[in-house]
Amino acid sequence: MEIKVGTNILAANDAIAAENREAFASHRCFAVNLVSSPGAGKTALLERTIEALHARLSLGVIEGDIATSLDAERIRRHGVPAVQINTGGGCHLDAYMVSRALAALALASLDVVFIENVGNLVCPAEFDLGEAAKIAVISVAEGDDKPLKYPVLFREARAVVINKIDLLPYTDCDLARLRDTALSINPALAVFEVSCRTGEGLETWYRWLADSAREWASSITP
Ligand code: MG
Ligand code: ZN
């Protein structure tokens, strides 16, 4: 006898993810799923990105955490709507949680929705939320071997944001090796080397994100 629990859970998730994807498409709302380990700087990247883009794009955020609404509060301080999901111990967001959060966002008025996943490099890579793009965020303090150890995320991602490059002198991270291993897993990855603390390198990320949102929206047939 064969028990395919994992497969069934993912199939049920994928069905709801397809509905979410429909909802995003019908409102021409570009959905971005940010995945990283805890402390890589997803929320800091969001705060910087919001400050740079909210004058020309209408933004919304779904925050996923095991506990607290600290990150949603950080986002709201920038004048952007944020819905907090607490997974109550769950180590990833699933499509159902996101579908419930969507009900609390005025999708019709938004150009981009960021979904900040629970800090974890494993299952967030496998659970489709209905996003248009999955983005891996990694900090140089985590070491340069992460793409080799967590290849699924880097295979699924459209881009990788390498954060905290201001800390490079204090780590053993080989930035070129980190970039090259990520690209060896997925040659199509867009790679950004940034510091959310100093702002270095972020301009190219903002441009890529705004361009990707526009290209995606224009690819949707009404
Ligand atoms: Mg966070
Ligand atoms: Zn999980």
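From a predicted model like this one, the values you see are computed outputs, not experimental measurements.

Donor atoms from the polypeptide that bind the magnesium ion (ligand 1) are Thr43 (OG1), Asp71 (OD) and Glu116 (OE), placed at 2.1 Å. All donors of the magnesium ion (ligand 1) come from a single chain, and their spacing in sequence reads T-x27-D-x44-E. Separated by 28 residues along the polypeptide, Thr43 in helix 2 (residues 42–53) and Asp71 in helix 3 (residues 70–76) bring together distant segments of the chain. The same class applies to Thr43 as to Asp71, namely buried.

With that settled, the discussion passes to the coordination of the zinc ion (ligand 2). Distances from the zinc ion (ligand 2) to its protein donors, Cys91 (SG), His92 (ND1) and Cys123 (SG), fall at 2.0 to 2.2 Å. Between consecutive donor residues of the zinc ion (ligand 2), the sequence gaps follow C-H-x30-C. Of this pair, His92 sits in the loop between strand 3 (82–86) and helix 4 (95–102) while Cys123 sits in the loop between strand 4 (112–116) and strand 5 (133–139); the two residues are 31 residues apart in sequence, bridging distant segments of the chain. Summarising the burial analysis for this pair, His92 and Cys123 share the class buried.

Another aspect to go through is the sheet that holds strand 6 (residues 159–163). Hydrogen bonding along the main chain pairs the strands of a sheet, whether they run parallel or antiparallel. With respect to topology, seven strands assemble into an open sheet ordered 3-2-4-1-5-6-7, the strand pairing being parallel. Lying at the two open borders of the sheet, with one neighbouring strand each, are strand 3 and strand 7 (190–193). Neighbour-to-neighbour, the strand axes of this sheet turn through a mean angle of 20°, independent of strand direction. Examined bridge by bridge, strand 5 and strand 6 share five bridges and lie parallel to one another. Paired with Ile138 across the bridge in strand 6 is Ile162. Lying on the sheet, helix 2 is in contact with strand 1 (30–35), strand 2 (59–65), strand 4, strand 5 and strand 6; it crosses strand 2 at an angle near 175°. Helix-sheet contacts for helix 4 involve strand 2, strand 3 and strand 4, and the interaxial angle to strand 3 is about 145°.

Conventions and cut-offs
- Residues numbered from 1 in each chain as written.
- Chains lettered and ligands numbered in written order.
- Predicted model: local features only at pLDDT ≥ 70, side-chain atom pairs only at ≥ 80, totals over all residues.
- Heavy atoms only, no water.
- Donors = N, O, S within 2.8 Å, 3.2 Å for Na, K, Ca; no water.
- Helix = DSSP H or I, 4+ residues; strand = E, 2+ residues; numbered from the N terminus.
- Buried < 20%, exposed > 50% of the residue type's maximum accessible area, 1.4 Å probe, protein only.
- Pairing = 2+ DSSP bridges.
- Axes fitted to C-alpha atoms, helices over the stretch in contact; angles between N-to-C directions.
- Contact = heavy atoms within 4.5 Å.

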